[in-house]
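# Remarks on the overall topology
Residue strings, one per chain:
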Amino acid sequence: MSSSLQTILALSIVAVATVWLLWRAFAKRKAGCGGGCGCPAAEIKATLKPKH
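Residues numbered from 1 in each chain as written. Predicted model: local features only at pLDDT ≥ 70, side-chain atom pairs only at ≥ 80, totals over all residues. Heavy atoms only, no water.

## Notes on the overall build of the protein
Tallying secondary structure elements over the protein gives two helices and zero strands in all. By the burial criterion, 0% of the 52 residues in the protein qualify as buried. Here the protein displays about 5100 Å² of accessible surface, and carbon together with sulfur accounts for 67% of that area. (Helix = DSSP H or I, 4+ residues; strand = E, 2+ residues; numbered from the N terminus. Buried < 20%, exposed > 50% of the residue type's maximum accessible area, 1.4 Å probe, protein only. Areas by Shrake-Rupley, 256 points an atom, 1.4 Å probe, with all protein chains shown as cover.)

In structure tokens, the structure reads:
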């Protein structure tokens, strides 16, 4: 395998990893508890309810 092909493959892998990490960082999160986090869901729901 030539060195130029290795360079192109390595840069492609880095580019894909960078895009994936940025997408994960800026992706919108679901509101509320996603489950499995060990948080007390009842307390969170009580604090998220709007007070009228």
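Read on, since the account is not over.
## As for a nonpolar patch on the surface
On the surface, a cluster of nonpolar side chains totalling about 320 Å² of accessible area is made up of Met1, Leu5 and Leu9. One can find Leu9 in helix H1 (residues 3-26). For Leu9, a relative accessible area of 41% translates into the label partly exposed. (Patch = residues over 30% accessible without salt bridge, like charges linked within 9 Å, V, L, I, M, F, W, Y side chains within 5 Å. Salt bridge = Lys/Arg side-chain N within 4 Å of Asp/Glu carboxyl O.)

Without other data, these values stay purely geometric and don't point to any function.
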